[in-house]
Amino acid sequence: MRYLVRARLKSGCEASLLRSVEQGTLGRGSVAEGEYLRNMAEARLCDDGTARWVEVCYCPTPLEEERPFWEEYFDLTRVQDAHDRRRCRDHNGEEPWACGDCDCTARLEKKLEDSGKPFLQSLRGKCAKLSPG
């Protein structure tokens with residue numbers, strides 16, 4: 001299933017999140033570890049201060065596996081179905097694991113591109129301002 005995630009970066013977590021993304025360690029130990037890096041690469045920082053991204057998740061409870069990894073850095077403010085579950089080929093049993101290559105993710109991320117600014121670019125700018133020197 002695909003979810004639209006809205007999250008607010010926790011104060012003081014900027015540098016550690018950026019470091020984990022740049023070192024490729026974000027989500028290490030999770031079955032979905034590569035998804036975390038993809039999410040951050042595609043995330044957008046919106047005018048309300050939330051980061052938004054499309055998350056592919058196969059858990060019976062939305063973000064059940066991912067939540068502890070995200071909550072280290074973010075307060076998840078909203079996790080919603082990205083489209084009608086009845087049309088999700090993985091969820092309805094038509095095609096197991098279909099979400100990984102489904103074009104719905106690409107369409108939703110394309111729509112997000114038109115909102116806000118690239119999250120990682122904004123995070124790098126904020127970290128640069130925070131570091132001494």
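It should be noted that the structure appears before, not after, this text.
So, a few notes on the structure that sits alongside this text. (Residues numbered from 1 in each chain as written. Predicted model: local features only at pLDDT ≥ 70, side-chain atom pairs only at ≥ 80, totals over all residues. Heavy atoms only, no water.)

Right, let's talk about the side chain of Glu55 for a bit. Within the secondary structure layout, Glu55 lies in strand β3 (residues 51-56). A distance of 3.2 Å separates a polar atom in the side chain of Glu55 from a polar atom in the side chain of Trp70. (Helix = DSSP H or I, 4+ residues; strand = E, 2+ residues; numbered from the N terminus. Polar contact = N/O pair within 3.5 Å; in protein donor to acceptor, adjacent residues only side chain to side chain.)

Here we take up helix α1 (residues 14-22). The set of residues buried in α1 consists of Glu14, Leu17, Leu18, Ser20 and Val21. Along the long axis of α1, the arc covered by the buried residues comes to 165°, so they all point the same way. Contact partners of the buried residues in α1: β1 (2-9), α2 (33-42), β4 (74-81) and α5 (119-130). A positive phi of about 75° marks Gly24, the residue just after α1. (Buried < 20%, exposed > 50% of the residue type's maximum accessible area, 1.4 Å probe, protein only. Arc of directions from axis to C-beta. Contact = heavy atoms within 4.5 Å.)

What follows concerns the sheet that holds β1. With respect to topology, five strands assemble into an open sheet ordered β4-β1-β3-β2-β5, the strand pairing being antiparallel. Two strands close off the open sheet at either side, each with one partner strand: β4 and β5 (117-118). When strand β2 (residues 44-45) meets β3, the two strands line up antiparallel, connected through two bridges. Looking at β3, one finds that Arg44 is bridged to Arg52. Sitting on the sheet, α2 touches β2, β3 and β4, and the angle it makes with β3 is about 145°. (Pairing = 2+ DSSP bridges. Axes fitted to C-alpha atoms, helices over the stretch in contact; angles between N-to-C directions.)

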